[in-house]
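Take a look at the letters that make up each chain.
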Amino acid sequence: GGGGVGGRAEKKDPGKKKKEEKRAKADEADTDPLVLACSLVQEDLCLMELVPTHALASECQEKRGEEERQGKEVRGPGQGKGTQQRPQRHAGGHGLPQSAEEKKKKKEKKNETDGRKRNNDEDDAAEYRLTAGVVTFPMRWSLRSKFMQPLARIHTPVSAYQKHLRHRVNDVFAHLEVDSPIQRGNWAIFNDLDGPMDLYQPAGYEEREGKNKVSRYDAEKTGTELTFRAEYQTLRRLPKSKAILFTIRTFQRYLRDLEELPKEDAKALIRAIEMLNPDMATYKGAQFWKEAAMKYLKKCSAGRPFAKL
């Protein structure tokens with residue numbers, strides 16, 4: 001009889017052999033230092049520091065001085081002190097002096113505005129600021145516009161951050177230990193990119209909102225019209241300066257690439273989209289791509305064949 005247990009011939013499984021070869025390659029990649037380094041290298045680096053209050057005050061004074069100098073240059077000769085001023089106008093547009101009641105309301109409004117500004121300045125002083133950085137692949141923001149801004153102002157377009165995340169993030173930054181770095185993931189879907197290699201997008205959130213259009217589901221086009229972006233992010237406190245280094249590693253793929261991955265990945269993305277709160281959905285521009293993406297992902301997770309592109 002044949003070999004094997006009980007005299008039965010052992011059947012060969014070609015699929016099993018392929019799986020073993022694939023697993024061996026994966027193990028090799030995990031142990032190869034160069035491959036591992038390339039897969040984990042972070043392209044974007046941002047240094048976050050607590051700037052002393054007196055330094056912020058000095059910075060504000062310099063800024064105000066610069067604004068005053070620019071204002072004098074704009075006014076030009078003969079428009080500075082000593083020139084005749086136009087009579088102050090009230091809401092009716094007539095050149096009449098303001099009444100005592102109007103002056104009182106104006107003063108109260110100014111005090112209220114100044115009070116809010118002082119509160120915002122105090123909150124800003126307690127937050128980490130972006131003091132240095134190298135950003136290769138920005139998505140809807142620029143290093144120039146965020147430089148020296150506190151966390152809350154960096155995330156100004158994200159109303160969900162202000163409502164739900166600001167105090168939590170500040171707490172994480174305050175208690176981060178040198179020997180306990182943090183890693184997290186972030187994701188987005190775009191319908192206005194020129195594919196996965198379109199990685200440099202410094203234009204802001206507001207500009208995108210004004211130009212974008214809604215994508216409709218198309219079995220043959222949606223997979224390449226929508227681009228999926230994932231970011232591997234880390235936070236690490238530096239031992240000497242105590243500043244925090246925020247790093248980003250970017251991955252972008254066509255949405256159709258999910259067809260090559262386990263169905264669970266498409267299902268996980270569906271759940272993530274469904275769980276977006278309204279503020280975050282607006283920030284991610286879900287109103288432009290959600291309907292098309294959900295139809296595509298549900299077919300993908302069900303294993304239904306797509307049109308060959």
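See the structure above.
Residues numbered from 1 in each chain as written. Predicted model: local features only at pLDDT ≥ 70, side-chain atom pairs only at ≥ 80, totals over all residues. Heavy atoms only, no water.

Caption draft 1: Fine view of the sheet that holds strand β2 (residues 129-134). Across the sheet, five strands lie side by side as β2-β1-β5-β4-β3; this open sheet has antiparallel pairing. Two strands close off the open sheet at either side, each with one partner strand: β2 and β3 (182-190). Between one strand and the next, the sheet's axes are offset by a mean angle of 25 degrees, whatever the strand orientation. Across nine bridges, β3 lies against strand β4 (residues 227-237) in antiparallel orientation. Directly across from F190, in β4, lies its bridge partner T227. Contacting β1 (44-49), β3, β4 and β5 (244-254), helix α7 (residues 159-175) crosses the sheet at an angle of about 40 degrees to β4. (Pairing = 2+ DSSP bridges. Helix = DSSP H or I, 4+ residues; strand = E, 2+ residues; numbered from the N terminus. Axes fitted to C-alpha atoms, helices over the stretch in contact; angles between N-to-C directions. Contact = heavy atoms within 4.5 Å.)

Caption draft 2: View of the nonpolar core. Grouped together as the largest cluster of nonpolar side chains are 34 residues, with contacts concentrated most on M48, I189, L255, L269, I273, W289 and L297. Where this core is concerned, the elements lending two or more residues are β1, α6 (151-154), α7, β3, α10 (263-274), α11 (278-283) and α12 (286-302). Considering every element that reaches this core, the biggest residue donor is α12, with eight residues. Those residues in contact with M48 that sit more than four places away from it in its chain are Y128, R129, L130, L151, I154, F173, A243 and I244. (Core = buried A, V, L, I, M, F, W, Y, C linked by side-chain atoms within 4.5 Å. Buried < 20%, exposed > 50% of the residue type's maximum accessible area, 1.4 Å probe, protein only.)

Caption draft 3: A look at the packing of aromatic side chains. Enumeration over the complete set of coordinates arrives at two aromatic pairs. Between W187 and W289, the ring centres sit 6.4 Å apart and the planes meet at 75 degrees, which makes this aromatic pair edge-to-face. Placement of W187 in strand β3 and of W289 in helix α12 is noted, with a sequence separation of 102 residues between them. The side chain of K284 reaches across the aromatic face of W187, ending 4.5 Å from its centre. (Phe/Tyr/Trp six-rings, centres within 6.5 Å; stacked < 30°, edge-to-face > 60°. Lys NZ or Arg CZ within 6 Å of the ring centre and 35° of its normal.)

Caption draft 4: Main features of the packing of α10 against α12. The contact between α10 and α12 brings their axes to 8 Å, and the two run at 150 degrees. The angle between α10 and α12 falls in the class roughly antiparallel. With respect to the hand of their crossing, α10 and α12 are arranged in left-handed fashion. Two secondary-structure elements touch here, α10 through K263, A266, K267, L269, I270, I273 and E274 and α12 through W289, K290, M294, L297, K298, C300, S301 and A302. Split by residue class, the contact of α10 with α12 holds nine nonpolar, one polar and five charged. (Parallel < 35°, antiparallel > 145°, perpendicular 65-115°, else oblique. Left-handed = near helix turned anticlockwise from the far one by under 90°. Nonpolar A, V, L, I, M, F, W, Y, C, P; charged D, E, K, R; others polar.)

Caption draft 5: Quick peek at the pattern of salt bridges. Under the counting rule described, the total for this entry stands at seven salt bridges. Between E43 and R249 there is a salt bridge whose closest N-O contact spans 3.1 Å. With E43 in the loop between α2 (33-40) and β1 and R249 in strand β5, this residue pair connects regions lying 206 residues apart in the sequence. As far as the burial class goes, E43 and R249 line up, both buried. (Salt bridge = Lys/Arg side-chain N within 4 Å of Asp/Glu carboxyl O.)

Caption draft 6: A look at the layout of surface pockets. Estimates place the volume of the largest pocket at around 1,400 Å³. Looking at the largest pocket, it is lined by 47 residues, and the ones nearest its centre are H155, R184, N186, Q233 and Y283. For the lining of the largest pocket, a count of residues per class yields 32 nonpolar, six polar and nine charged. (1 Å grid on protein atoms, 1.4 Å probe; cavity = no way out; pocket = protein on both sides within 12 Å on 5 of 7 lines; lining within 4 Å. Points joined across faces, edges and corners; volume = space filled by probe spheres on them.)

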